[in-house]
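Observations on the model geometry
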Amino acid sequence: MPVLPIDSERYGSKEMKEIFEESSRVKYILAVEAAVAEAQAELGIIPADAGREIASKANISYVTLEKCKEVEKKIGHEPANIVEVLVDVCEEHAKPWVHYGLTSNDLLDTATSLQIRDAMKIIESRMRELTILLAEMAQQYADLPAVGRTHGQHASIISFGLKFAVWTSEMLRHFDRLNQILERVLVCKTLGVVGTGSVMGEKALEVQRRVAEKLALKPIDAATQVVPRELHAEVVFFAAILASTLDRIATEIRNLQRTEIGEVEEPFRPGQVGSSAVPVKRNPIRSEKVSSIARLLRPLVQVALDNIPLWHERDLSNSANERFIIPMSLILLDEALRTMTEVIKGLKVNEKAIIANIQKTGGRIFSEFILDLLLKRGFPRIGAYRIVQKASEITDVPFIDALLQIPEVARTLSREEIESVMRPDACLGASKLIITQVVDEVKRKLSTPGSSFPQTA
């Protein structure tokens, strides 16, 4: 019976969870043992027949999770339990050469790199799907004027599509971060107890290079008994910062779904219950879930940072929490990405409400453009600003009438001139150009042959 929700079907995809299951962890560790034995045999460090025997037995058909657990109950050590079972299943001539020259964290840290590599492949595919969806939404609503809000107040006109373009651009930067991080963190370490390769001597670096090549990793340049934990901290930080972008999107959707705004609505399937007490409610629960996950992921960064300053060549103060923070970060990030993709796919955009909200302030949202008219007629900025501000304080008439009650405005601007800048579609500035640039960047970075991604308008 699951104790934590992450252990149930509630959070995380099946394919992501499989990477971090106990049996998968054993499989990754055995892959390291096999690669080391092969490399050592190739270099004559261990007998060739021993290398073949170890590599052939280093798989979960021989070294089962059940056997490993039985041994761990006796010896209380991982991965020594796996090594002991592997020794047991190997032929006599190979037994002395199992785990030769290695230490436990050669296996654990290299296996962690393999898990991170495979998990990030899933994360990257989720990011790709969401980013393309956001770019499509940016294109779709590029011509739709909407209220732009700062401090929760109406500020000026924005293209509704620009919201999605900004999020798209942010996601593109996360692809850059991901590529940079993976270049650093996917490392292999097989240098023994304190990182000197002592037993293997001068051939230790060549063993590590070959093992890294076999496992599609990079050999660590220098390490103690463990790889530096700043590498793992980068992974946890990436999960937190990407989740925070998803939180940012989710928070905007939650705000725009407020009854008083009503510009968007999360997908709501037939039969879904919004409230147990209020039948008419449709709550933005998916977006709230994304925000909640992000709140959990951000503090994990502090734990990962605390793991960096270990004692001397290493201690175990990082060990227990890493069993949580790395799987949790990637499984929950996967869940947040899947959930946000579901929201964007089914997002309902209420164009009538968006247009109606522009008029809620009686035209005051166009004050930026009235100010610009006055500046172009020679008014000093502070003087023009005070004139428009004074008109905004007349609240019993539409803003255009309030403006024309100000003598300086009435002498300078006609009603027609003021009306010409109070058209929402004329106030979008460079929005379409910005959106086009972002969409073109998505196509350049993410589109593949045969992609259904729409062409730039």
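An account of the accompanying structure is given in this report.

Rules used throughout
- Residues numbered from 1 in each chain as written.
- Predicted model: local features only at pLDDT ≥ 70, side-chain atom pairs only at ≥ 80, totals over all residues.
- Heavy atoms only, no water.
- Phe/Tyr/Trp six-rings, centres within 6.5 Å; stacked < 30°, edge-to-face > 60°.
- Buried < 20%, exposed > 50% of the residue type's maximum accessible area, 1.4 Å probe, protein only.
- Lys NZ or Arg CZ within 6 Å of the ring centre and 35° of its normal.
- 1 Å grid on protein atoms, 1.4 Å probe; cavity = no way out; pocket = protein on both sides within 12 Å on 5 of 7 lines; lining within 4 Å.
- Points joined across faces, edges and corners; volume = space filled by probe spheres on them.
- Helix = DSSP H or I, 4+ residues; strand = E, 2+ residues; numbered from the N terminus.
- Nonpolar A, V, L, I, M, F, W, Y, C, P; charged D, E, K, R; others polar.
- Expected span 1.5 Å × (residues − 1).
- Arc of directions from axis to C-beta.
- Contact = heavy atoms within 4.5 Å.
- Polar contact = N/O pair within 3.5 Å; in protein donor to acceptor, adjacent residues only side chain to side chain.
- Axes fitted to C-alpha atoms, helices over the stretch in contact; angles between N-to-C directions.
- Parallel < 35°, antiparallel > 145°, perpendicular 65-115°, else oblique.
- Left-handed = near helix turned anticlockwise from the far one by under 90°.
- Core = buried A, V, L, I, M, F, W, Y, C linked by side-chain atoms within 4.5 Å.
- Pairing = 2+ DSSP bridges.

Here we come to the packing of aromatic side chains. Tallying each qualifying case throughout the model produces four aromatic pairs. Centroid distance Trp97 to Tyr100: 5.3 Å. Interplanar angle 65°. Geometry classified as edge-to-face. We classify Trp97 as partly exposed; its relative accessible area is 25%. Residue placement shows Lys57 over the ring face of Tyr62; its charged tip is 5.2 Å from the ring centre.

The volume enclosed by the largest pocket comes to roughly 1,300 Å³. Residue lining of the largest pocket: 42 residues in total, with Phe20, Glu22, Arg25, Arg323 and Pro327 positioned closest to the centre. Contributing elements (two or more residues each) for the lining of the largest pocket: helix 1 (14-20), helix 2 (22-42), helix 4 (65-75), helix 5 (80-89), helix 6 (104-140) and helix 11 (319-345). For the lining of the largest pocket, the element with the most residues is helix 11, which contributes eight residues. In terms of residue class, the lining of the largest pocket is made up of 14 nonpolar, 13 polar and 15 charged.

Let us look at helix 14 (residues 381-392). Over its twelve residues, helix 14 extends 17 Å from the first C-alpha to the last, a length consistent with the 16 Å expected when each residue adds 1.5 Å. Turning to helix 14, its buried residues number three or more, namely Ala384, Ile387, Val388 and Ala391. Projected down its long axis, helix 14 carries its buried residues within an arc of 90°, all on one side. In helix 14, the exposed residues that point more than 90 degrees away from the buried face are Ile382 and Lys390. Packed against the buried residues of helix 14 are helix 13 (367-376), helix 15 (399-404) and helix 16 (407-412).

Along the polypeptide, His77 turns up in the loop between helix 4 and helix 5. Of the residues examined, His77 reaches a relative accessible area of 32% and is grouped as partly exposed. With 27 residues separating them along the chain, His77 and Ser104 place their C-alpha atoms 9.4 Å apart. Here His77 is in contact with Glu72 and Ser104, once residues within four sequence places are set aside. Reaching out from His77, the side chain makes a polar contact with the backbone nitrogen of Ala80 at a distance of 3.2 Å.

Next up on the list: the packing of helix 6 against helix 11. Two elements in contact, helix 6 and helix 11, have axes separated by 10 Å at closest approach and are oriented at 20°. The pairing of helix 6 with helix 11 is recorded here as roughly parallel in orientation. The two elements helix 6 and helix 11 cross, and the hand of that crossing is left-handed. Partitioning the contact of helix 6 with helix 11 into residue classes produces 16 nonpolar, two polar and five charged.

We now examine the side chain of Glu234. Relative to the elements of secondary structure, Glu234 occurs in helix 9 (residues 230-256). Among the polar contacts listed, one links the side chain of Glu234 to the side chain of Arg184, at a separation of 2.7 Å. For Glu234, the contacting residues outside a window of four places in its chain are Ile181, Arg184 and Val185.

Here we take up empty space enclosed by the protein. Under the defined criterion, the tally for this structure stands at one cavity of 30 Å³ or more. Here the largest cavity defines a volume of roughly 30 Å³. Around the largest cavity, the lining residues are Glu33, Val36, Ala37, Gln40, Ile54, Trp97, Val98, His99 and Tyr100. Per-element accounting of the lining of the largest cavity gives the leading share, four residues, to helix 2.

What follows concerns the nonpolar core. Within the largest apolar cluster, 124 residues are counted, with the highest numbers of intra-cluster contacts made by Phe160, Leu333, Met340 and Ile344. The element best represented in this core is helix 6, accounting for 17 residues. What Leu333 contacts, discounting residues up to four positions off in sequence, is Ile123, Phe238, Ala239, Leu242, Ala243, Leu246, Leu297 and Met328. In this structure, Ile358, Leu374, Phe379 and Ala391 belong to the second largest nonpolar core, which totals 27 residues.

Another point: the pairing of strand 1 (residues 145-150). Both strand 1 and strand 2 (residues 153-159) contribute to a ladder of six bridges, which runs antiparallel. Across the sheet, the residue bridging to Pro145 is Ser159, located in strand 2. The turn joining strand 1 and strand 2, which pair antiparallel and follow one another in sequence, is formed by two residues; a positive phi near 60° is taken by His151.

To continue, consider the packing of helix 2 against helix 6. At their nearest, the axes of helix 2 and helix 6 sit 8 Å apart, and the two run at 115° to each other. Crossing handedness for the pair helix 2 and helix 6: right-handed. In this structure, helix 2 uses Arg25, Tyr28, Ile29, Val32 and Glu33 to contact helix 6, whose residues at the interface are Asp106, Leu107, Leu108, Thr110, Ala111, Thr112, Leu114, Gln115 and Asp118. Taken together, the residues that form the contact of helix 2 with helix 6 break down as seven nonpolar, three polar and four charged.

This part is about the side chain of Arg229. Take Arg229: it is sitting in the loop between strand 4 (218-219) and helix 9. In terms of polar contacts, Arg229 uses its side chain to reach the side chain of Asp109, at 2.9 Å. Apart from residues no more than four positions distant in its own chain, Arg229 is found in contact with Asn105, Asp109, Asn307, Ile308, Asn318 and Glu322.

Without other data, these values stay purely geometric and don't point to any function.
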